[in-house]
Amino acid sequence: MKDTLIQVDYRFEDVTGVRSGLSDVSYLADDGIAGIVYLADRLAKPVLIEGPAGTGKTQLAKSVAEMSGARLIRLQCYEGLDESKALYEWNYKKQLLRIQAENETRDWNEIEDDLFSEDFLLSRPLLEAIRAEDPVVLLIDEVDRVEIETEALLLEILSEYQVSIPELGTVEGNQVPLVFLTSNGTRELSEALKRRCLYLYIDYPDLEREREIINAKIPGMDENLADQIARIVRSIRQLDLKKHPSVSETLDWAKTLLLLGIEKIDADVATETVNVLLKYRSDIEKAIKEFADNPDSIEETEEEGAA
Amino acid sequence: MSSTSELNGSTSLEGEESPLLDLLNGFIVELRLAGLPVSLTESLDAMEAVSHIPIEDRDAFKYALGATLVKNYSHWKSFEIVFEVYFSIRGSEYEIQENELENLTEDELSEAQHQQGEAPSGGGAMSGLSPEELQEMLFRALLNGDQALLRLLARQSVIRYAGMEPGRPVGGTYYLYRTLRNLDLDSMLDRLMNESREQALNELTQLEERLEQDEYKNRIDELKKQIESEIRRSLVADRGVEAMARTLRKPLPEDVDFMHASREEMANLRRSLYPLTRKLAARLARRRKYGRRGPLDFRKTIRHSLSYGGVPAEPKFKYPRPSKPEIMVVADISGSVAAFARFTLHLLYAISSQFSKVRSFVFIDGLDEVTRFLEGVEDIGEAVHRVNTEADVVWVDGHSDYGHAFSVFWEKYGKDIGPKTTVLILGDARNNYHASQSWILKEAHHKARKLYWLNPEPRAYWDTGDSILGEYATYCDGAYEVRNLRQLETFIEKLV
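Residues numbered from 1 in each chain as written. Chains lettered and ligands numbered in written order. Predicted model: local features only at pLDDT ≥ 70, side-chain atom pairs only at ≥ 80, totals over all residues.

Some remarks on the sheet that holds strand E1 (residues 326-332) of chain B
Residue and element names in this part refer to chain B. Strands sit in the order E3-E2-E1-E4-E5-E6 across an open sheet of six strands; the sheet is mixed. Each edge of the sheet is formed by a strand with only one pairing partner; in this case those strands are strand E3 (367-369) and strand E6 (478-481). Each adjacent strand pair in this sheet contributes to an overall mean axis angle of 20°, direction not counted. Sheet topology places strand E2 (residues 357-363) next to E3; three bridges connect them, and they run antiparallel. (Pairing = 2+ DSSP bridges. Helix = DSSP H or I, 4+ residues; strand = E, 2+ residues; numbered from the N terminus. Axes fitted to C-alpha atoms, helices over the stretch in contact; angles between N-to-C directions.)

And the structure:
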């Protein structure tokens, strides 16, 4: 009974609840993240998440879905996405069959009325999300990849939670799902879209949080090693690099070190495994130059690493 | 929902006279004055959002406002400053006193209690300490990373060293400078490093040393921030919220003037350059893809007209030839535009990594092609360094001579300008009264597709002194004032 009440009313009790709920599904949110997820629920507004790649933007939506036991509906955006892929489409084949099947027996007007009914409507992710009976979380991933004109498709559904279909009228939603939009910032999103959303910027985590993330995501990790990893990553992020290591790369690195059975990172270990963390040659060289004991031996160690 | 937040909700939403509503209104007005585009719906959202948040929770309050009012991360810093000014007097004072009791060690505790007793009188705590003792406490706090104590010490140092004079209309930086000079944090860093070297069992490897150093630097930065906000807080208390907000108002990143950008602002600008050029490249590519209408194809139309009995009912068009933009950038890197030049080089680099055919030239009074330094180089820092050291740009005395630079350009590279080439010239056209040689631009304009001039000087200064932009501009397709990112973006939009 109580459960249904919460469903209808609000999903989350308070900010702390969101935070602990997320950490139960091993997503470590800071106050800002938890607070905005909580607000998104209270205000029934979508959340627009921006930030560097690999800081857990998509993961946040997944974790929120997991935590609230909701189904995740995901719309991956790409250039050329249109309404038949995002919103709805008429099932032409079925319509054609219907016309053929009843052409003899029924009046054309009747058939025509039938043709544009819900039976022939194919729901695409956006429509499906608001029509779903069960709780859902809608994730619109990499929204900056669609053209600015296509963005307009999202506006109605994001503010009114409804879809207008010319042949059918307005389809009202059964629920107000939690909506997350992610963007890598390759272009500025339109004002109209931004206005409808709560804005959340997820930056690289601070030392404390990164350490916790490592510990939470990789069981069996030594605390001291995790601390060392987090410190090194933080120092590397302070360098002027082409691409800074993301959280997922930090985790990869930690896993690598764990597999290699390393207990303490020294300069040699770091130089040999840094290619897990950094993906550009110039970045790797720069990092090694900064941290190695003896910068002259770079070439040597690199060859060893390759071999 | 707890009952307190419900109460807050009703007061902030319905009570017209509520102080919170007034405060929020003032806050939003100030955000707008600072240049942030806050719309009406967004401000209503903010009001609703805070009604769901217990107001005692300052962090949650801040994030609620941030999420609803600031939709661009580069504006976050401006938001933070305004927020601090408007809401700092409330809350954080208590915060300090709650924490300090829990965290302080034995002998510091007596100090703290002393402080608590005197807190209302403006926190004249620890005033009994000698400067050396204060320094020592600071050292310990930094060594142990003791946040609460650091906050307390930041406050004490401001009281002691900033020498604030009530009512004096100076900005916070002056006080910040005075406080930091007295604390001498650089030698503090050395001391911290020595200490951790001694504490270590073995000798520190370079890696460890580096990590320790980064850690301490981080803590010191944290302390600086504490001091800064402490100063701001006292200033707000002294001079009132609005006056303070006005003093602290700073241009948004996209409005920062290239010529007068601080180091930090410059770094921000550089970071914003990449998305900009990527945007430009993406838009060009899309044009090529969707702009599928070339000129009328006469032959094809006639051929098709046969099926309509000779009536050209359906006009046919040629497929447009995808034009590959060729860009030639000619940039002044002389002293008079030094700050802009640094930016220019980064812009050159960013452009050349996005377009297939970009040739870059730099000049002072001589001119040299630098395409080779910028292409295929992964590290921008190195590229810029090579341009600065290796490019042969000085002919006589290293004062800009546009005339001579242009004649070198025309002589050596003029033949490469074709009907597909867009030529961009970046500079202030301050020619030191040399011959202008503007006929070169006239010729180049004839041959090139477009010729643009971007000037980092305010339009009002054009054609004053030795600036001869007017003369050059007659032969350009356009001369634009480009002093900040916003103007650059507008220009780029025009270009595509």
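Having seen it, we continue.
Re the domain arrangement of chain A
Residues and elements named next belong to chain A. Entries for chain A in the domain assignment read domain 1 (2-80 + 134-201) and domain 2 (207-297). Between the C-alpha centres of domain 1 and domain 2 there is a distance of 32 Å. Counting residues at the interface gives eight residues for domain 1 and ten residues for domain 2. Broken down by class, the residue content of the side of domain 1 that touches domain 2 amounts to three nonpolar, four polar and one charged. (Domains from an automatic or database assignment. Contact = placed C-beta atoms within 7 Å. Nonpolar A, V, L, I, M, F, W, Y, C, P; charged D, E, K, R; others polar.)

Topic: the interface of chain A and chain B
Opposite the 33 residues of chain A that make contact, chain B presents 31 residues. Counting only elements with at least two residues in the side of chain A that touches chain B, the list comes to helix H3 (31-43), helix H10 (191-196), strand E9 (198-201), helix H12 (223-238), helix H14 (267-277) and helix H15 (281-291) of chain A. A class-by-class count of the residues in the side of chain A that touches chain B yields 13 nonpolar, seven polar and 13 charged.

Things to note about the packing of helix H11 (residues 207-217) of chain A against helix H13 (residues 247-259) of chain A
All names here are of chain A. At a closest axis distance of 10 Å, the pairing of H11 and H13 adopts a crossing angle of 55°. Judged on the interaxial angle alone, H13 and H11 are oblique. Crossing of H11 against H13: the hand is right-handed. Every residue of H13 that contacts H11 at Glu 210, Ile 213, Ile 214 and Lys 217 is listed here: Val 247, Thr 250, Leu 251 and Ala 254. (Parallel < 35°, antiparallel > 145°, perpendicular 65-115°, else oblique. Left-handed = near helix turned anticlockwise from the far one by under 90°.)

Re the nonpolar core
Soluble globular proteins: nonpolar side chains tend toward being buried together. Of all hydrophobic cores here, the largest spans 128 residues; its most connected members are Ile36(A), Leu198(A), Leu200(A), Ala64(B) and Val82(B). The biggest single contributor to this core is helix H12 (residues 206-239) of chain B, with eight residues. Those residues in contact with Ala64(B), other than ones at most four positions away along the chain, are Gly35(A), Leu39(A), Ala49(B), Val50(B) and Ile53(B). Formed by 59 residues, the second largest nonpolar core is a distinct cluster that contains Leu345(B), Leu374(B), Phe409(B) and Ile417(B). (Core = buried A, V, L, I, M, F, W, Y, C linked by C-beta atoms within 7 Å. Buried ≥ 20, exposed ≤ 12 C-beta atoms within 10 Å, placed from the backbone.)

Some points on the confidence of the model for chain A
Residues and elements named next belong to chain A. Mean pLDDT over chain A works out to 83, with 92% of the residues at or above the 70 mark. The low-confidence segment residues 1-8 (pLDDT under 50) makes two contacts with residues lying over four places distant or belonging to another chain. Within the model, pLDDT remains below 50 along residues 295-307, and this stretch shows eight contacts once partners closer than five positions in the same chain are excluded. (pLDDT = per-residue confidence, 0-100.)

Here's the deal with helix H5 (residues 76-87) of chain B
Residues and elements named next belong to chain B. Here H5 spans 16 Å end to end across twelve residues, near enough to the 16 Å set by a 1.5 Å rise per residue. With respect to burial, H5 is a largely interior element, nine of its twelve residues being buried. Among all positions of H5, only Ser 78, Phe 79, Ile 81, Val 82, Phe 83, Glu 84, Val 85, Tyr 86 and Phe 87 are buried. Against helix H2 (19-33), helix H4 (58-69), H12 and helix H13 (241-248) lie the buried residues of H5. (Expected span 1.5 Å × (residues − 1).)

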